[in-house]
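# Coordinate analysis (summary)
As a plain string of letters, each chain reads:
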Amino acid sequence: MSESARRPPPAVSAVGLVAVALFAVPLAGLLSKVEWSTLVDDLSSAAAVDALRLSLVSSIGATAISVGLGLPLAWVLARANLRGRSFVRSLVLVPMVLPPVVGGVALLSAFSRTGLVGEPLYEWFGVQLTFTLWGAVLAEVFVAMPFFVITVEAAIRGFDSRYEDAAASLGARRWVTFGRVILPQIRPAVVAGAVLTWARALGEFGATITFAGNIAGRTQTLPLAVYLALEGRTSLALALSVVLLAVSLGVIVALRDRWLQRA
Amino acid sequence: MTPRSLAALLAAATLVALPACGDDTDSSESTDTTAAAEAATTTAAPELDGEIVVSAAASLTESFTELGEQFEAEHPGVTVTFNFDSSGTLATQIQSGAPADVFASADTTNMGKLADAGLLAGDAVTFARNRLAIVVKPGNPAGIDELDDLATAGIVSLCVETAPCGKYADQVLSAAGVVIPADKVTRGQNVKATLSAVADSDAVAGIVYTTDAQGADADTDEVEIPDADNALADYPIAAIKASAEPEAAAAFVEFVTGEAGQKVLSEAGFLQP
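Reading guide: rules and limits
- Residues numbered from 1 in each chain as written.
- Chains lettered and ligands numbered in written order.
- Predicted model: local features only at pLDDT ≥ 70, side-chain atom pairs only at ≥ 80, totals over all residues.
- Heavy atoms only, no water.
- Helix = DSSP H or I, 4+ residues; strand = E, 2+ residues; numbered from the N terminus.
- Contact = heavy atoms within 4.5 Å.
- Areas by Shrake-Rupley, 256 points an atom, 1.4 Å probe, with all protein chains shown as cover.
- Buried < 20%, exposed > 50% of the residue type's maximum accessible area, 1.4 Å probe, protein only.
- Lys, Arg positive; Asp, Glu negative; His and termini not counted.
- Charge placed at Lys NZ, Arg CZ, Asp CG, Glu CD.
- pLDDT = per-residue confidence, 0-100.
- Polar contact = N/O pair within 3.5 Å; in protein donor to acceptor, adjacent residues only side chain to side chain.
- Core = buried A, V, L, I, M, F, W, Y, C linked by side-chain atoms within 4.5 Å.
- Domains from an automatic or database assignment.
- Disulfide = S-S within 2.5 Å.
- Patch = residues over 30% accessible without salt bridge, like charges linked within 9 Å, V, L, I, M, F, W, Y side chains within 5 Å.
- Salt bridge = Lys/Arg side-chain N within 4 Å of Asp/Glu carboxyl O.

Below, the discussion takes up the overall build of chain B. In terms of regular secondary structure, chain B is built from 10 helices and 9 strands. Intrachain contacts of chain B at a sequence separation of at least 6 include 79% that bridge at least 24 residues. Working note: accessible area of chain B is about 11,800 Å², and carbon and sulfur atoms make up 54% of it.

Set out below in structure tokens:
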């Protein structure tokens, strides 16, 4: 009785179904166009292998950097008695809402050889980030790290601070408290944040092509290869798309416990 | 990076992000009055209205934007919306059913694809020609004087092979026997992106059309490629058969190939067909 009362009316379910179709139809379309017979050949072509390799290297590198920098930042945002914390948090969120290509333009303004930081970097150390794999990694960190920071910060804030107080009263130093008390409790969030960050880094397009350029074998990651293969080598574009789709599904399956079973 | 080139890049980014958001306001009411006014002042130009989408090569961005404004001024009932990208991208889009009323390509190959597929209304007409040029940083700090220098210059920006400017650049380089190492070539998805890699980023040099090299928003210097080594790009234009506004589309093609169109194009540095 009560269960049927809670059930949404049929019209709402119908609209919900339209929403589901909106997600499902493009994916079905993609799968319907893939030339499965040439899939292996397409994916083993030099261009595809290079793009796959670059994407793996850059996205894993970007994830490692995001974790290394993002964990301290998340801790600070969650626990430090910081003036302007909401400002810093907004700053961290900006890349999540900023069009990635604008992120690329911002990175250029800062890190190109004539940029704010890039100029001294090049003049003094001879370091150039544009058109390098490091540039691609930087672009990916810029757009993907917020996912890690936000996820982990929320977890730390949700963690009962009385455990930290208890650890401190027993003489544990702050490092020890973080490593032995907080971190084990928030590990699922750290893993989820890292996986989300990695997936976002893997899919990065706009900031990468703007900042790191499109050099085959050097900065041409999977999404760039997909976009550029779309004219002329459609089957390759579709094959690479399937790889990215498979990765996305893999991420969702990996995070299933976190997202799908909470309800 | 100067504010102006940054603004241009941002504007380009916005264009990419917002495809074809033309003004949809139905101007049928105002058309009567303006057409009446026009009939009183000018000699009976056929009364046109509707919205047309013109898919044009990226190298035509400035001149076609200008022509679009002139065309709209002449035909107040017509709204012209542009879709600028590499001719390869545009041809692929039109082949997969993207709405377009007019196609202006930077090569005959991509136009030929549409002609072969039976997508054109009538034959394509060549309305302009273009040549290639090397672009370098202002003041040419890398000292690039000829195609040969590109082999050892550093990062060189070329268009993707599927864009006409990339195809012509590859032709010109291989004819001159210049080989740039693959890991030194960044490929722009169209000529504007290729130019921007030199103007706004750290590519040492690039190969673009002379019209782009001389364009107002090019923060670069031009190094000419001698005629003997250069390529000549033919720009054909045609109305698309599937157009819902065939008369307005035909009128735009006529406008571009006519006196007003040719004036704007030669001012932008295009050669006469």
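Having seen the model, we can carry on.
For the rest of this paragraph, the subject is the overall build of chain A. Across its full length, chain A holds 14 helices and 0 strands. In sequence order, chain A lays out its α and β elements as α-α-α-α-α-α-α-α-α-α-α-α-α-α. By principal-axis analysis of the C-alpha atoms, chain A measures approximately 75 × 65 × 30 Å. Of all 263 residues assigned to chain A, the portion counted as buried reaches 38%. Taking contacts inside chain A between residues at least 6 apart in sequence as the whole, the part at least 24 apart equals 72%. For chain A, the accessible area works out to roughly 14,500 Å², and carbon and sulfur atoms hold 67% of it. For chain A, the centre of its 21 positive side-chain charges and the centre of its 15 negative side-chain charges are spaced 11 Å apart.

This part takes up the confidence of the model for chain B. Chain-level pLDDT for chain B is 85 on average; 82% of the residues reach the 70-or-more range. Looking over chain B, one finds the lowest element-wise mean pLDDT in helix H2 (residues 28-41) of chain B, namely 44, and the highest in strand S3 (residues 102-104) of chain B, namely 97.

Glancing now at the side chain of Asn-130 of chain B. Residues and elements named next belong to chain B. Mapped onto the elements of the fold, Asn-130 is located in strand S4 (residues 120-136). Of the polar contacts made by the side chain of Asn-130, one reaches the side chain of Thr-211; its length is 2.8 Å. In contact with Asn-130, other than residues within four places in its own chain, are Tyr-209, Thr-210, Thr-211, Ala-231, Leu-232, Ala-233, Tyr-235 and Phe-270.

Leu-60, Phe-64, Phe-127, Leu-150, Tyr-235 and Phe-252 of chain B are the most contacted members of the largest nonpolar core, which has 72 residues in total. When residues of this core are assigned to domains, at least three fall in each of domain 1 (17-129 + 234-267) and domain 2 (130-232) of chain B. Those residues in contact with Phe-252 of chain B that sit more than four places away from it in its chain are Ile-52, Val-54, Phe-64, Gly-68, Phe-71, Val-80, Phe-82 and Val-102 of chain B. By size, the runner-up hydrophobic cluster in this structure holds 16 residues, among which are Ala-62, Val-137, Ala-144 and Phe-211 of chain A.

Bringing the state of the cysteines into the picture now. Residues and elements named next belong to chain B. A complete count under the given rule lists 1 disulfide over all chains for this structure. Between Cys-159 and Cys-165 runs a disulfide, and the two sulfur atoms are separated by 2.0 Å. With the S-S bond torsion at -100°, the cross-link from Cys-159 to Cys-165 turns out left-handed. Both residues of the pair, Cys-159 and Cys-165, belong to the buried class.

Residue and element names in this part refer to chain A. Where nonpolar side chains cluster on the molecular surface, the patch consists of Ile-65, Leu-69 and Trp-134 and spans about 330 Å² of accessible area. Mapped onto the elements of the fold, Trp-134 is located in helix H8 (residues 133-158). Here Trp-134 falls in the exposed class, since its relative accessible area comes to 59%.

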